[in-house]
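# Notes for the structure review
Residues per chain are reported as follows:
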Amino acid sequence: MTTLQITGGQVLLPDMTVESADVLVDREAGEILAVGETERGDERLDAEGSLVIPGLVNAHGHAAMTLLRGYADDKPLDAWLQEDIWPAEAELTPEDVRAGAELGIVEMIKSGTTAFADMYFEVDEIAAAVRESGMRARIGHGIVTVGKDDEEAREDVEESIAIAREFDGTGDGRVSTAVMPHSLTTVSEECLSMAVKGAREIGVPVHIHINETRDEVEPIVEERGIRPLEYADELGLLDEKNFLAHGVHTDERGIELLAETGMGVVHCPASNMKLASGMAPVQAMLDAGVSVGVGTDGAASNNDLDLFDEMRDAAMIGKLAADSAAAVPAEEVVRMATAGSAEAIGIDSGRIEAGANADLAVIDFGKPHLTPAHDPVSHLAYAVRGSDVRHTVCGGEVLMCDREVLTLDEKEVRETAEKRATELIERV
Ligand SMILES: N[C@@H](CCSC[C@H]1O[C@@H](n2cnc3c(=O)[nH]cnc32)[C@H](O)[C@@H]1O)C(=O)O
Ligand SMILES: [Zn+2]
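What you see is a predicted model; the values in this text were computed from it and never measured.

Attention shifts here to the overall build of the protein. Along the backbone of the protein there are 14 helices and 18 strands. Whereas a compact globule of 428 residues would reach a radius of gyration of roughly 22 Å, the protein reaches 21 Å, a difference of no more than 12%. The C-alpha extent of the protein, read off along each of the three principal axes, is 60 × 45 × 40 Å. When each of the 428 residues of the protein is scored for burial, the buried share is 59%. Taking the contacts inside the protein whose residues are at least 6 apart along the sequence as the reference set, 72% of them involve residues at least 24 apart. When the accessible surface of the protein is totalled, it reaches about 16,300 Å², and 45% of it is carbon and sulfur. In the protein, the 35 positive side-chain charges and the 84 negative ones have mean positions that sit 3 Å from each other.

Ranked by size, the top nonpolar core spans 111 residues in total, and within it Leu184 and Leu237 carry the most contacts. Element by element, the count of residues in this core is highest for helix 2 (residues 94-110), at 7 residues. Dropping the residues within four chain positions of it, Leu237 is found in contact with Leu184, Leu192, Val196, Val206, Ile208, Ala232, Asn242 and Met263.

This brings us to unusual backbone geometry. Residue Asn303 follows Asn302 across a cis peptide bond; omega there is 5 degrees. Mapping Asn303 onto the fold places it in the loop between strand 14 (292-294) and helix 11 (307-322). Phi at Asp297 is positive, roughly 65 degrees, even though this residue is not glycine. Mapped onto the elements of the fold, Asp297 is located in the loop between strand 14 and helix 11. Judged by relative accessible area, which is 5%, Asp297 ranks as buried. In this structure, Asp402 is a non-glycine residue whose phi angle is positive, near 45 degrees. Locating Asp402 in the fold gives a position in the loop between strand 17 (397-401) and strand 18 (404-405).

Before going further, it helps to examine the site of ligand 1. Taken together, 19 residues sit near ligand 1, with Glu89, Gly142, His182, Glu212 and Asp297 positioned nearest. At 2.5 Å from an oxygen atom of ligand 1 is found a side-chain nitrogen or oxygen belonging to Glu89. Between ligand 1 and Gly142, the relevant distance is 2.7 Å, taken from a nitrogen atom to a main-chain nitrogen or oxygen of the residue. Protein burial of ligand 1: of its 560 Å² of free accessible surface, 90% is covered by the chains. Elements with a contribution of two residues or more to the shell around ligand 1: helix 1 (77-89) and strand 7 (113-120).

Quick look at the sheet that holds strand 14 now. Read from one edge of the open sheet, 4 strands run 11-12-13-14, paired in parallel fashion. Each having just a single partner strand, strand 11 (207-210) and strand 14 make up the two edges of the open sheet. In this sheet, neighbouring strand axes are inclined to one another by 30 degrees on average, regardless of whether the strands run parallel or antiparallel.

Between side chains of opposite charge, a pair can form when the charged atoms approach closely. Evaluation of the coordinates by the stated rule reveals 30 salt bridges. The salt bridge partner of Asp73 is Lys274, with a shortest N-O separation of 2.8 Å. Note that Asp73 is positioned in the loop between strand 6 (56-58) and helix 1 and Lys274 in helix 9 (residues 269-274), a separation of 201 residues in sequence. When the shortest N-O distance is used, the salt bridge between Glu102 and Arg98 registers 2.8 Å. Of this pair, Glu102 and Arg98 both sit in helix 2, separated by 4 residues, roughly a single helical turn. Note on Glu102: relative accessible area 13%, which makes it buried. Given the relative accessible area of 25%, Arg98 is considered partly exposed.

Attention now moves to the coordination of the zinc ion (ligand 2). Within the protein, the atoms that donate to the zinc ion (ligand 2) are His60 (NE2), His62 (NE2), His209 (NE2) and Asp297 (OD), at distances of 2.1 to 2.3 Å. In this structure, the zinc ion (ligand 2) is surrounded by 4 donor atoms whose angles at the metal cover 86 to 168 degrees, and the resulting shape is irregular. Taking relative accessible area as the criterion, His62 reaches 9% and is therefore assigned buried.

Right, let's get into the UniProt feature "binding site: substrate" (unreviewed entry) in the protein. UniProt records the feature "binding site: substrate" (unreviewed entry) at Glu89, His182, Glu212 and Asp297, using the numbering of this structure. Looking at the secondary structure, you find Glu212 in the loop between strand 11 and helix 6 (214-224). If sequence neighbours within four positions are ignored, Glu212 has contacts with Leu77, His246, Val248, His249, Ser271, Leu275, Ser277 and Asp297. Asp297 has contacts with His60, Gly61, His62, His209, Glu212, His246, Cys268, Ser271 and Leu305, leaving out every residue within four places of it along the chain.

The rules behind these values
- Residues numbered from 1 in each chain as written.
- Chains lettered and ligands numbered in written order.
- Predicted model: local features only at pLDDT ≥ 70, side-chain atom pairs only at ≥ 80, totals over all residues.
- Heavy atoms only, no water.
- Helix = DSSP H or I, 4+ residues; strand = E, 2+ residues; numbered from the N terminus.
- Rg over C-alpha atoms; globule rule 2.2 N^0.38 Å.
- Buried < 20%, exposed > 50% of the residue type's maximum accessible area, 1.4 Å probe, protein only.
- Contact = heavy atoms within 4.5 Å.
- Areas by Shrake-Rupley, 256 points an atom, 1.4 Å probe, with all protein chains shown as cover.
- Lys, Arg positive; Asp, Glu negative; His and termini not counted.
- Charge placed at Lys NZ, Arg CZ, Asp CG, Glu CD.
- Core = buried A, V, L, I, M, F, W, Y, C linked by side-chain atoms within 4.5 Å.
- Near = heavy atom within 4 Å.
- Polar contact = N/O pair within 3.5 Å; in protein donor to acceptor, adjacent residues only side chain to side chain.
- Pairing = 2+ DSSP bridges.
- Axes fitted to C-alpha atoms, helices over the stretch in contact; angles between N-to-C directions.
- Salt bridge = Lys/Arg side-chain N within 4 Å of Asp/Glu carboxyl O.
- Donors = N, O, S within 2.8 Å, 3.2 Å for Na, K, Ca; no water.
- Tetrahedral: all angles 85-135°; square planar, octahedral: opposite > 155°, others 65-115°.
- UniProt positions renumbered as here; feature names shortened; annotations may be inferred.

Structure follows, in structure tokens:
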């Protein structure tokens, strides 16, 4: 066994208290051995003047969409997808997806994120990028069946199931999967049922966008006389294992259904504000006991993958939505972006204690905007920026040390992404 000792810092514990402690990690097992006064490690990572926190978990996104960052802004979801995003995505090659995923991963590692959930296509490229990077991820092939004939539609579902089966548990267990129908309005009823059944058979979750915009709710109510979550419940889609993105237009009955079934919700506040989708009733969900995590969504609707930004947005919009400054407080938002996200997407991460996976980020508190540090948890929610992260560790492996990414070549990743993004837009 070789050990890694993170020394001299303050540590954020699962009960949200902070204490001066070292963290000792078993590098082979990828687990935390001890927190406190530990024995000396074989290797050491300096955390003097810094706060050690659980690695952040980005519970919903499309990492490869970094290639489309700033390509199409200031439009509502439907027009944005149909006029700009989908035509551009139709031109993406497997190599483009790899380049975009690597760029997204570098950005996440640099801002203290150690795990993420991702819905996209060319998933073998995304799996390869995750394996190379050392991050933890739950990935899947997004199914869209609108505009396809029955056979093509079924093939898309089968592909999502086959990919989920193939990659689950790979990358030393750091890669897990889900079957990922895009939404209740872009996938037919028959195909949604197929997806639910297929996921159950292979024992992986289902991940889907639900209740994102009003335009998505209305057609379901008109056609079926019930709201999206009631329809999802009829399909057997609401389950403790499964998780949805957004949940913006969720009414009281919907919140009850989420709480009763244990279905996870991934709140994506920046994307919801940028596309003017609405404000998710996050405090009401938390009060009802719903499992809530936080995600950035894709870089084309955010436009960055910095979860510190997202925490601040979640706290701010959560207060507006509840009309209360006490809603979605700092501690709650930090919990949502760590243990909450991990629980929602079903991975073991998000807490610093002996026996847990060693997924950590070390934040430099020696900054003007983090002075004075009356309450480090307040700073995490309201003042820390991704660029304050010094080191990132996942499964006991150091992914970034003193802001240098060790598992991928940042400069090369940026140059490749820039070139591929430019050529992509020329083709579109
Ligand atoms: N099989 C489909 C791809 C589905 S992947 C998931 C899709 O979600 C899209 N997407 C990104 N952000 C959002 C969002 O906020 N709501 C709905 N869809 C989104 C993204 O552009 C991508 O096309 C195809 O080949 O076109
Ligand atoms: Zn999305």
